[in-house]
Amino acid sequence: MPIDKIYSGMKGIGKTVFSGIDIEEFDVDVIEIISGTGINNSYLLVKLSGDKIDENGGISAGMSGSPVYIDGKLVGAISHAWEMSEHNLCLVTPIDRMIKLLDYT
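Residues numbered from 1 in each chain as written. Predicted model: local features only at pLDDT ≥ 70, side-chain atom pairs only at ≥ 80, totals over all residues. Heavy atoms only, no water.

Caption draft 1: Structural view of the confidence of the model for the protein. Mean pLDDT over the protein: 87, with 93% of residues reaching 70 or higher. Ranking the elements of the protein by mean pLDDT puts helix α2 (residues 95-100) last with 83 and strand β4 (residues 67-70) first with 97. (pLDDT = per-residue confidence, 0-100. Helix = DSSP H or I, 4+ residues; strand = E, 2+ residues; numbered from the N terminus.)

Caption draft 2: Representation of the pattern of salt bridges. This structure, assessed with the given rule, holds 3 salt bridges. The salt bridge partner of Lys11 is Asp29, with a shortest N-O separation of 2.9 Å. Note that Lys11 is positioned in strand β1 (residues 11-16) and Asp29 in strand β2 (residues 24-34), a separation of 18 residues in sequence. (Salt bridge = Lys/Arg side-chain N within 4 Å of Asp/Glu carboxyl O.)

Caption draft 3: Seen up close, the environment of Glu32. Within the secondary structure, Glu32 is located in strand β2. Relative accessible area serves as the criterion here: at 41%, Glu32 is assigned to the partly exposed category. Between the C-alpha atom of Glu32 and that of Tyr43, which follows or precedes it by 11 residues, the distance is 8.6 Å. (Buried < 20%, exposed > 50% of the residue type's maximum accessible area, 1.4 Å probe, protein only.)

Caption draft 4: Inspection of the pairing of strand β6 (residues 89-94) at higher detail. Counting buried residues in β6 gives 6 out of 6 residues, a clear majority hidden from the surface. Across the two faces of β6 the burial is the same, with Leu89, Leu91 and Thr93 and Cys90, Val92 and Pro94 all buried. One ladder, built from 4 bridges, connects strand β3 (residues 43-49) with β6; its direction is antiparallel. From the neighbouring strand, Leu45 faces β6, where its bridge partner is Leu91. With 5 bridges connecting them, strand β5 (residues 73-81) and β6 associate as antiparallel partners. (Pairing = 2+ DSSP bridges.)

Caption draft 5: Broad picture of the packing of aromatic side chains. Under the defined criterion, the tally for this structure stands at 1 aromatic pair. With a centroid separation of 6.3 Å and 70° between ring planes, the pair formed by Phe18 and Phe26 is classed as edge-to-face. Each member of the pair, Phe18 as well as Phe26, carries the same accessibility label: buried. Positioned over the ring face of Tyr69 is Lys15, at 5.4 Å from the centre of the ring. A cation over a ring is seen here: Arg97 above Tyr43, with NZ or CZ 4.7 Å from the ring centre. (Phe/Tyr/Trp six-rings, centres within 6.5 Å; stacked < 30°, edge-to-face > 60°. Lys NZ or Arg CZ within 6 Å of the ring centre and 35° of its normal.)

And the structure:
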């Protein structure tokens, strides 16, 4: 799903491995689209929730790259913790931005 189809208030799921080999889901709420230009392109500011997120005290090291889906469509992957905030806020790099890297030479 391209970033121009995503807006505040949308809900989705993320997937990651918290321990072992089992893929587990967590809830994702879109808070805001953080816009930028050049190398600092747009990101999605999201809030993570769910039992495992609560147990781990929020986003954990190693969650970078965890895919995020809205309405069953891949919107991007977790890429950054949102520093100096609640531990369940993070940034998602949009998938349309990642796909453009395939053409990078």
